[in-house]
Amino acid sequence: MYLGLDLGTSGLRGIVVSEDGDVVAEAEASVNTSTPHPGWSEQEPADWVEACQKVVAQLRGQNGAAFSAVRGIGLSGHMHGATLLDRQGRVLRPCILWNDTRSAREAAELDALSAMRSITGNIVFPGFTAPKLEWVRRHEPDVLEKTAKVLLPKDYLRFWLTGDYISDMSDSAGTAWLDVGCREWSETALELSHMRRDQMPVLVEGSAAGGELRAEILQHWGLTGPVVVAGGAGDNAAAACGIGSIAEGSGFLSLGTSGVLLVAKDSYAPAPETAVHCFCHAVPERWIQMGVILSATNSLNWLSRNLGQSVDALASALPDTVAGPSKTLFLPYLSGERTPHNDSAIRGAFMGLDIASDPADLAQSVMEGVSFALRDCLEALRSTGTKPESLMVVGGGARSRFWVETLATVLNIPLALPKGSEFGAAIGAARLAACSVNGADPAELMTSPETSEIVQPRAGLFDAYEAEYQRYRRFYAALSPLSAP
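Residues numbered from 1 in each chain as written. Predicted model: local features only at pLDDT ≥ 70, side-chain atom pairs only at ≥ 80, totals over all residues. Heavy atoms only, no water.

1. So, the overall build of the chain
Here comes step 1: Looking only at helices and strands, the chain features 18 helices and 24 strands.
Here comes step 2: Computed over its C-alpha atoms, the radius of gyration of the chain comes to 21 Å, within 12% of the 23 Å expected for a compact globule of 485 residues.
Here comes step 3: Along the first, second and third principal axes, the C-alpha atoms of the chain reach 60 × 50 × 45 Å.
Here comes step 4: The buried share among the 485 residues of the chain stands at 60%. (Helix = DSSP H or I, 4+ residues; strand = E, 2+ residues; numbered from the N terminus. Rg over C-alpha atoms; globule rule 2.2 N^0.38 Å. Buried < 20%, exposed > 50% of the residue type's maximum accessible area, 1.4 Å probe, protein only.)

As structure tokens, then:
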């Protein structure tokens, strides 16, 4: 048996998977996020450990026999977070998360150094790890002075599980300290951002061993060692492993807290001028290209919170099929935007609100606005020569058929829905664990799931959505100068 642990922004999900790939137990536990100032987003690493303990307790309760047969653990997690530890491994401050925009100034300064893009293959975005440490250097110098190690969120969980400071290539590619083409820490990038190699964890491939479970935890969890902890992956690379997107051109669209359009590549293909991310994949000698928007289902969560209606209620008020775009246009820039704008200052807006607008109208416009933002990502990917012909759609937003059909029509690409709910980062992590234990070839193990439905674009409505998308682009161009500080 293999345990896949996926540390998401809102909580931790764990699944136990058999040798045959069957999910025999699954559990979740929530994690709180703190926003002490506008643009800030933090979590306490101790909460990740507590969530892991809760998930394991649930898994053992569901299927104790299966859990006791666990021989490998795979880790996935939200990327870019800065977890700072002292020489004793103690946490020095709350983790600064991927959607925290406080370090926009520091990111711009690092990005202006020509060597950074050429080494990392990416824009230095405010959400990346390196500018966060520059912010700490300027505003919390006493904390930086004590910092002996910087770990990404899933790698802090690994440290608690194993006692080792280890990370994988895919997650580390989002720090702005990795030479993404060579798959190793860059001394130059570290020096330019006032960091040292000894503050970095050891690097391994995601499908390789990345430590063993500590004896104390083995005993507490009722396991017989050794239990290998795989290198693991950042959340999107893990999701790609979970749905079999490792071959050139295969990809998916994720409607999670953030929105991601990812395509696997057999070679390193950086294009930082497009704001497309180019990261290492979780398996050797492969890479990924991604367009990323910061608020996908998070936009619907925001609407739900402010209307006092549940997300399910808002989504269920819409039909299963689309009939044309809303008269109200939503710009989903609630936390700024990455692809294609790299704009931390832009903020969200409703355009064309009417006295007759009701919650269903607003929910539709939110789903359409997120879809238009993902169309921006698709156009950025196409500008690099990457032209996906079909995509699988995953994430919580994929439960709304209205949203999926909207996306298919806006993108003009068929979208496949996987059968079952378990295909995602957690099963990708479990597959990486299996590779690390038995040496399986990732290409043989990481197959695509069965498809429950292929949602086709509504050809007769494409022109209407295309006109609205062009209006969406004009609104961004008009509003962006007004949002500058």
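2. A look at the packing of aromatic side chains
By convention here, two paired aromatic rings are described through the distance between centres and the angle between planes.
Here comes step 1: Taken as a whole, this structure holds 17 aromatic pairs when the rule is applied.
Here comes step 2: Summarising the aromatic geometry, the rings of Y333 and Y472 are spaced 6.3 Å apart at their centres and angled 50° between planes, so their arrangement reads as tilted. Of this pair, Y333 sits in the loop between β20 (329-331) and β21 (349-351) while Y472 sits in helix α18 (residues 462-483), placing them 139 residues apart in sequence. Taken individually, Y333 and Y472 each receive the classification buried, so the pair is uniform in this respect.
Here comes step 3: The rings of Y333, F372, Y469, Y472 and Y476 are connected pair by pair, giving a single aromatic cluster.
Here comes step 4: The positively charged end of R102 is found above the aromatic ring belonging to W135, 4.7 Å away from the centroid.
Here comes step 5: Positioned above the aromatic ring of F125 is the side chain of R338, whose terminal nitrogen or guanidinium carbon lies 5.6 Å from the ring centre. (Phe/Tyr/Trp six-rings, centres within 6.5 Å; stacked < 30°, edge-to-face > 60°. Lys NZ or Arg CZ within 6 Å of the ring centre and 35° of its normal.)

3. Overview of the nonpolar core
Here comes step 1: Residues L133, W177, M195, F252 and L432 are the most contacted members of the largest nonpolar core, which totals 60 residues.
Here comes step 2: Sort the elements by how many residues they give to this core and helix α11 (residues 235-242) lands first, with 5 residues.
Here comes step 3: Ranked by size, the runner-up nonpolar core spans 51 residues in total, among them V263, L314, W403 and V455. (Core = buried A, V, L, I, M, F, W, Y, C linked by side-chain atoms within 4.5 Å.)

4. Digging into the sheet that holds strand β18 (residues 277-280)
Adjacent strands of a sheet form backbone hydrogen bonds with each other and so pair up, either parallel or antiparallel.
Here comes step 1: Taken in spatial order, the 7 strands line up as β18-β19-β17-β16-β22-β23-β24 in an open sheet, and their pairing is mixed. Edge positions in the open sheet fall to β18 and β24 (451-455), since each of these has one partner strand only. When strand polarity is set aside, the average angle formed by the axes of neighbouring strands in this sheet is 30°.
Here comes step 2: By the bridge criterion, 3 bridges tie strand β16 (residues 251-255) to strand β22 (residues 391-394) in an arrangement that is parallel. Residue pairing across strands places L253 opposite V393, the latter belonging to β22.
Here comes step 3: Where helix α15 (residues 401-411) meets the sheet, its contacts fall on β16, β22, β23 (415-418) and β24, and the angle it forms with β24 comes to roughly 50°. (Pairing = 2+ DSSP bridges. Axes fitted to C-alpha atoms, helices over the stretch in contact; angles between N-to-C directions. Contact = heavy atoms within 4.5 Å.)

5. Quick word on unusual backbone geometry
Here comes step 1: Cis geometry is found at the peptide bond from G225 to P226, where omega equals -5°.
Here comes step 2: Considering the arrangement of structural elements, one finds P226 in the loop between α10 (215-221) and β14 (228-230).
Here comes step 3: Between T339 and P340 the backbone carries a cis peptide bond, its omega angle lying at 0°.
Here comes step 4: In this structure, P340 sits in the loop between β20 and β21.
Here comes step 5: Within the chain, A176 stands out as a residue other than glycine whose phi angle is a positive 75°.
Here comes step 6: By the element assignment, A176 lies in the loop between α8 (169-172) and β10 (178-179).
Here comes step 7: Even without being glycine, R183 reaches a positive phi, approximately 60°.
Here comes step 8: Checked against the element boundaries, R183 lands in the loop between β10 and β11 (184-185).

6. Let's talk about the environment of V124
Here comes step 1: Here V124 is to be found in the loop between α4 (114-120) and α5 (129-139).
Here comes step 2: Here V124 falls in the buried class, since its relative accessible area comes to 2%.
Here comes step 3: For the pair V124 and L110, spaced 14 residues apart in sequence, the C-alpha separation works out to 6.7 Å.
Here comes step 4: For V124, the residues in contact, after removing those within four places along its chain, are A107, L110, D111, M116, P131 and A176.

7. Section: the pairing of β23
Here comes step 1: Residues L415 and L417 of β23 are buried on one face, and the alternating residues A416 and P418, pointing to the opposite face, are buried as well.
Here comes step 2: Across 2 bridges, the pairing between β22 and β23 is parallel. Residue pairing for β23: L391 is matched across the bridge by L415.
Here comes step 3: Chirality of the crossover, the property in question, places the unit of β22, α15 and β23 among those that are right-handed.
Here comes step 4: Relative to β24, β23 runs antiparallel, the two being bridged by 4 bridges. Paired with L415 across the strands is V455, a residue of β24. (Right-handed = clockwise from strand over helix to strand, strands pointing away.)

8. Some words on the pattern of salt bridges
Here comes step 1: The final tally for this structure, using the stated rule, is 30 salt bridges.
Here comes step 2: Notably, a salt bridge pairs R401 with E453, separated by 2.7 Å at the nearest N-O pair. Here the residue R401 occupies a position in helix α15, and E453 occupies one in strand β24, the gap between them amounting to 52 residues.
Here comes step 3: By relative accessible area, R401 is classed as partly exposed at 25%.
Here comes step 4: One salt bridge in this structure joins E468 and R471, with 2.6 Å as the shortest N-O distance. In this pair, E468 and R471 are both assigned in helix α18, 3 residues apart and thus about one turn of the helix distant. (Salt bridge = Lys/Arg side-chain N within 4 Å of Asp/Glu carboxyl O.)

9. Some words on the packing of helix α14 (residues 359-383) against α15
Here comes step 1: Contact geometry of α14 with α15 gives a least axis separation of 9 Å together with a crossing angle of 40°. By crossing handedness, the relation of α14 to α15 is classed as right-handed. Residues Q364, M367, E368, V370, S371, F372, L374, R375, L378 and R382 of α14 form the contact with α15, whose own contacting residues are F402, W403, T406, L407, V410 and L411.
Here comes step 2: For the contact of α14 with α15, a count of residues per class yields 10 nonpolar, 3 polar and 3 charged. (Left-handed = near helix turned anticlockwise from the far one by under 90°. Nonpolar A, V, L, I, M, F, W, Y, C, P; charged D, E, K, R; others polar.)

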